[in-house]
Amino acid sequence: MGNLFGKKKATRVTEHDRAVLQLKQQRDKLKQYQKRITLQVEKERQLAKQLLKDGKKEKALLLLKKKRYQDQLLDKTENQISNLERMVQDIEFAQVEMKVIEGLKVGNDCLKKMHEMLSIEEVERIMDETHDAIEYQKQIDDMLVGSLTQEDEDAVLAELEAITQGDADLELPEVPEEELPEVPEQEPVREKERAKKKPEREMVAV
């Protein structure tokens, strides 16, 4: 399956990445050490209380001195952890700054190429042509507007309103609901027969 879709591109590990990884590993080891010492200190504190109850004051005092020393180790460990975390953050932020600088560099190169393609003279020429075209169109508009008086403008608006109103009032004629009478098909034949008999009657009468 992997061959069908091609090989996955390997991620390049930089020196900064290795440094951050090592710092995080050291930080995690210190946290594990801190947790172990904290549990041990708590146990020795409980043991010292028990020794005092049993009347073994000297042993209890010795355990408390050891506990004090371990407390100081915990404080130093906490400071070292804070320093490591701060260093990790500084390195990661420096990586972000480098990416920003690289982005700015690429952007500046693109702007330079664009400026080379389009010089200041070319921009000024395009702006001048655009300005001339706008002025020319404005002159045409002024001429068209100036050729009509206010009376003409009112007449045009009135005609437009009349046309609009006429289209709204236009209605189609109503279709009659009653059926039209049928016309007999043999009627023309009967008329011809009457026309033939009429001359015959006139001849008989003569």
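Here the structure is a predicted model, which is why all the values come from computation and not from measurement.

Engineer: Go over helix 3 (residues 57–117) with me, naming the residues and quoting the values.
Structural biologist: Taking 1.5 Å per residue as the helical rise, helix 3 with its 61 residues ought to reach 90 Å, and the 90 Å between its terminal C-alpha atoms agrees with that figure. Within the span of helix 3, buried status applies to A60, L63, K67, Q70, L74, T77, I81, L84, V88 and I91. Those residues of helix 3 that are buried lie in contact with helix 2 (15–53).

Engineer: Outline a nonpolar patch on the surface, listing residues and values.
Structural biologist: Taken together, M117, L118, V123, I126 and M127 make up a surface patch of nonpolar side chains, about 500 Å² in accessible area. For the nonpolar patch, the element with the most residues is helix 4 (residues 120–146), which contributes three residues. Mapped onto the elements of the fold, I126 is located in helix 4. We classify I126 as partly exposed; its relative accessible area is 37%.

Engineer: Residue-level account of the UniProt feature "coiled-coil region" (unreviewed entry) in the protein chain, with values.
Structural biologist: In the numbering adopted here, UniProt assigns the feature "coiled-coil region" (unreviewed entry) to residues 16–43. Here residues 16–43 runs as 100% helix and 0% strand, with 41 Å between its end C-alpha atoms.

Engineer: I'd like to hear about a negative patch on the surface, residue by residue, with values.
Structural biologist: A surface patch of like charges, here negative, comprises E121, E124, D128, D132 and E135. Within the secondary structure, D128 sits in helix 4.

Engineer: Which residues make up the pattern of salt bridges, and what values do they have?
Structural biologist: Within this structure, the stated rule accounts for eight salt bridges. Salt-bridge contacts for K24 lead to E92; the nearest nitrogen and oxygen are separated by 3.5 Å. Residue K24 is located in helix 2, and its partner E92 is located in helix 3; the two are separated by 68 residues in the primary sequence. Among the salt bridges present, the one from K31 reaches E85, with a minimum N-O distance of 3.5 Å. One end of the pair, K31, is in helix 2; the other, E85, is in helix 3, and 54 residues separate them in sequence. Look at K31 and you get partly exposed, because its relative accessible area is 36%. Taking the relative accessible area as the measure of exposure, E85 reaches 28% and is therefore partly exposed. A cluster of three or more residues bridged by salt bridges with shared partners is formed by E122, R125 and E129.

The rules behind these values
Residues numbered from 1 in each chain as written. Predicted model: local features only at pLDDT ≥ 70, side-chain atom pairs only at ≥ 80, totals over all residues. Heavy atoms only, no water. Helix = DSSP H or I, 4+ residues; strand = E, 2+ residues; numbered from the N terminus. Expected span 1.5 Å × (residues − 1). Buried < 20%, exposed > 50% of the residue type's maximum accessible area, 1.4 Å probe, protein only. Contact = heavy atoms within 4.5 Å. Patch = residues over 30% accessible without salt bridge, like charges linked within 9 Å, V, L, I, M, F, W, Y side chains within 5 Å. Areas by Shrake-Rupley, 256 points an atom, 1.4 Å probe, with all protein chains shown as cover. Salt bridge = Lys/Arg side-chain N within 4 Å of Asp/Glu carboxyl O. UniProt positions renumbered as here; feature names shortened; annotations may be inferred. Lys, Arg positive; Asp, Glu negative; His and termini not counted. Charge placed at Lys NZ, Arg CZ, Asp CG, Glu CD.

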